[in-house]
Amino acid sequence: MQQIFNFIFKNSNRLLFLLLLLVSLVLTIQSHSFHRSKVISSANFLSGGVYERINRVSEYLNLQTQNEILATENARLKSLLFNIKDSTLVPKIDSIKGVDKVNIIVSKVIHNSYNVYENYITINSGEKAGIKSDMGVINSLGIVGIVDKTSQNYATIVSILNRKSQINAKIKKTNHFGSLIWDGKSTGFVQLIDVPRLAAIRKGDTIVTGGQSVIFPENINIGTIDKIFIDNQTNYYTLNVKLFNDMTNLGHVYIIKSKNREEIINLEKQTKNE
């Protein structure tokens with residue numbers, strides 16, 4: 001202990017200089033948005049590299065599960081293919097809904113949190129791949145979240161298991177809309193709030209994206225109604241929705257790039273300004 005005190009007294013000037021330097025850097029980053037964005041970008045780069053190395057090991061150990069998921073997805077696609085009238089015909093691009101408006105960027109999850117109130121996901125694609133903030137993220141089973149921050153090679157995603165997440169969704173059968181949130185209780189369930197009481201709903205009905213935003217196209221799967229609650233004060237339903245996705249086990253994801261996004265945003269800005 002005496003040696004520690006001697007070291008501190010002997011190097012007090014240097015330690016004071018380092019402390020003041022640290023304080024000045026923190027104040028500079030907090031008060032300037034440019035510096036703050038650079039620090040966040042650098043942090044994404046460093047943490048992304050670490051997560052990617054850890055993910056390589058866990059991915060190797062999880063190969064059997066991933067193969068089962070791929071086999072299930074292949075079976076589903078084959079079922080769709082074999083049930084069309086003529087499976088030998090190649091469909092035209094214009095006949096596939098959404099292809100002329102949406103680009104898909106494929107990426108892989110390298111870190112996924114799901115045990116806190118504000119959960120985030122890290123993927124191994126970023127600005128170089130064309131990924132930007134506020135892009136929707138899905139996989140073969142349904143929605144995953146929304147892109148938050150990006151660096152050159154990585155991006156973080158606000159998971160649907162995040163108390164700050166709020167996504168436009170609807171009941172597929174009736175087209176009644178609501179806001180999709182998470183109450184922070186279970187990784188397998190989210191909640192659809194503000195659903196009008198006049199909606200004819202029942203347990204098992206499918207919930208999909210509403211399409212009333214530039215983030216997600218319409219009718220992307222989310223889950224099914226598990227429980228129905230009535231708020232007597234607001235006269236609205238709150239629906240407990242069982243997710244199609246297992247948010248604790250994510251592999252490859254698809255980032256949705258809407259070609260009409262900028263045009264819609266600019267038009268809405270002009271309308272608001274007028």
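Computed from a predicted structure; not experimentally measured.

Caption draft 1: A look at the sheet that holds strand β10 (residues 221-231). With antiparallel pairing, the six strands of this closed barrel are ordered in space as β6-β7-β8-β11-β10-β9. Each adjacent strand pair in this sheet contributes to an overall mean axis angle of 40°, direction not counted. Pairing analysis gives three bridges linking strand β6 (residues 167-171) to strand β9 (residues 206-209), with the strands arranged antiparallel. Opposite Ile-171, over in β9, you have Ile-207 as the bridge partner.

Caption draft 2: Spatial organisation of the side chain of Asn-245. One can find Asn-245 in the loop between β11 (236-243) and β12 (252-258). Using a relative accessible area of 7% as the deciding quantity, one classes Asn-245 as buried. One polar contact links Asn-245 to Asn-139, side chain to side chain, over a distance of 2.9 Å. Within the structure, the side chain of Asn-245 is placed 3.2 Å from the backbone oxygen of Ile-143, a separation counted as a polar contact. Excluding anything up to four places from it in sequence, Asn-245 contacts Asn-139, Leu-141, Gly-142, Ile-143, Val-144 and Leu-250.

Caption draft 3: Spotlight on the environment of Ile-167. Tracing the backbone through its elements, the reader meets Ile-167 in strand β6. In this structure, the C-alpha to C-alpha distance between Ile-167 and Leu-180, residues 13 residues apart in sequence, is 4.9 Å. What Ile-167 contacts, discounting residues up to four positions off in sequence, is Ile-143, Ile-146, Ile-160, Gly-178, Ser-179, Leu-180 and Phe-216.

Caption draft 4: Structural view of the confidence of the model for the chain. For the chain, per-residue confidence averages 78 on the pLDDT scale, and 68% of positions sit at 70 or higher. By mean pLDDT, the top-scoring element of the chain is strand β5 (residues 155-162) (96), and the lowest-scoring one is helix α3 (residues 33-61) (58). Note on residues 85-100: pLDDT under 50 across the span, and five contacts to partners over four residues away in sequence or across chains.

About the criteria used
Residues numbered from 1 in each chain as written. Predicted model: local features only at pLDDT ≥ 70, side-chain atom pairs only at ≥ 80, totals over all residues. Heavy atoms only, no water. Pairing = 2+ DSSP bridges. Helix = DSSP H or I, 4+ residues; strand = E, 2+ residues; numbered from the N terminus. Axes fitted to C-alpha atoms, helices over the stretch in contact; angles between N-to-C directions. Buried < 20%, exposed > 50% of the residue type's maximum accessible area, 1.4 Å probe, protein only. Polar contact = N/O pair within 3.5 Å; in protein donor to acceptor, adjacent residues only side chain to side chain. Contact = heavy atoms within 4.5 Å. pLDDT = per-residue confidence, 0-100.

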